[in-house]
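# Observations on the three-dimensional arrangement
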Amino acid sequence: MDIRNLGASGLRVSAVGLGCNNFGQRTDLETSRQVIHRALDLGITLFDTADIYAGQGGSETVLGTVLGDRRKDIVLATKFSKPMANDGTRQGASRRYIMNAVEASLKRLKTDWIDLYQQHDYDPLTPLEETLRALDDLIRQGKVRYVGNSNFPAWRIAEAEFTARAMNVNRFVSCQDEYSLVVRDIEKDLLPAAQEYGLGLLPFFPLASGLLTGKYQRGATAPADTRFGKAPALRDRYVTPRNEDMVEKLKAFAQARRHSLLELAFSWLAARPQVASVIAGATRSEQIEQNVKAIAWKLGSEEMAEIDAITQGVTT
């Protein structure tokens, strides 16, 4: 397994990370245990979860139950700020909320520290200075090692960087945002900002919720047991004529080189600037094995240019 620095920080993570949103939701405890253990066996060190995953706390609880002594062998990442109550009382990035949220996550995860604590969304109701000071205090207390953001617009990333410098507090070292062969919007502003300020990028939805696995046939109804079959909103979001045209061309590109569409999707991301780890979920241990093998393809500059030609319409 390739190990990379997370941006300009000293935190080292596996090039393939495990997204843990399925645990306690799509996978029961025993299946989750099998996936987690297989990931550990294959050298995956980055485990990414969030307090809201699996019914507000379910994913963190599964990880805390399963990891045991192996906790010390991984980079454990979780998130805060999205609603943890239906009445709006437990959410955001205020000092009061952060201090409560981190203790709840630590308890569910059965650990004394979180390696990467990420603000899941920007909070327009809380001054950034307040959030950064609270996160810095958590680092100084030893409860958190590094902090990152997710779903921030580029200008907020710049604002956070300069605010942290002015306050002389710990800065964000990572950003987690959607990025894939068919969703390249972040290349306009966010990716250049990440490069400028040394943030490691952790792309989520690397397979566009399954569109880039190659398992869906154009014009055919999605099987009932698949993500698109169970979530029509996701299907409608990704299954567009434009995306289907691109997928057909990308699939032909990969097959001509004796690779799969899955391998292309992962290897392309792994070759992109600032990408530290490609985060992907799994509901079976076999999927973990496929994901780890998928980044082995080292794409050349001519191949990258050809891929850009196929997908160039995505960012317009």
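We now turn to the structure provided with this report. These figures come from a predicted structure and were not determined experimentally. (Residues numbered from 1 in each chain as written. Predicted model: local features only at pLDDT ≥ 70, side-chain atom pairs only at ≥ 80, totals over all residues. Heavy atoms only, no water.)

## What about the pattern of salt bridges?
- Under the definition given, this model contains 21 salt bridges.
- Among the salt bridges present, the one from D115 reaches R71, with a minimum N-O distance of 3.1 Å. Taken together, the positions of D115 in strand β6 (residues 114-119) and R71 in the loop between α2 (53-67) and β5 (75-80) put the pair 44 residues apart, joining distant regions of the chain. Just as D115 is buried, R71 falls in that class too.
- Here K82 makes a salt bridge to D121, at a shortest N to O gap of 2.4 Å. Of the two residues, K82 sits in the loop between β5 and α3 (95-109) while D121 sits in the loop between β6 and α4 (128-141), which places them 39 residues apart along the sequence.
- Three or more residues joined by partner-sharing salt bridges are found here, namely R184, E187, R272 and D308. (Salt bridge = Lys/Arg side-chain N within 4 Å of Asp/Glu carboxyl O. Helix = DSSP H or I, 4+ residues; strand = E, 2+ residues; numbered from the N terminus. Buried < 20%, exposed > 50% of the residue type's maximum accessible area, 1.4 Å probe, protein only.)

## Concerning the packing of aromatic side chains
- Applying the stated rule across the entire model yields seven aromatic pairs.
- Taking 5.7 Å as the distance between ring centres and 85° as the angle between the ring planes, the aromatic pair formed by F162 and Y197 counts as edge-to-face. Of the two residues, F162 is situated in helix α5 (residues 154-167) and Y197 in helix α6 (residues 190-197); the sequence distance between them amounts to 35 residues.
- The exposure class assigned to Y197 is buried, which follows from its relative accessible area of 15%.
- Ring centres 5.4 Å apart and planes at 55° place the aromatic pair Y179 and W268 in the tilted group. Taken together, the residues span a long stretch of sequence, with Y179 in the loop between β8 (172-178) and α6 and W268 in helix α10 (residues 261-270) at a distance of 89 residues.
- The side chain of R165 reaches across the aromatic face of F162, ending 4.8 Å from its centre.
- In this arrangement the basic side chain of R257 is found over the ring face of F253, its NZ or CZ atom lying 3.8 Å from the centre. (Phe/Tyr/Trp six-rings, centres within 6.5 Å; stacked < 30°, edge-to-face > 60°. Lys NZ or Arg CZ within 6 Å of the ring centre and 35° of its normal.)

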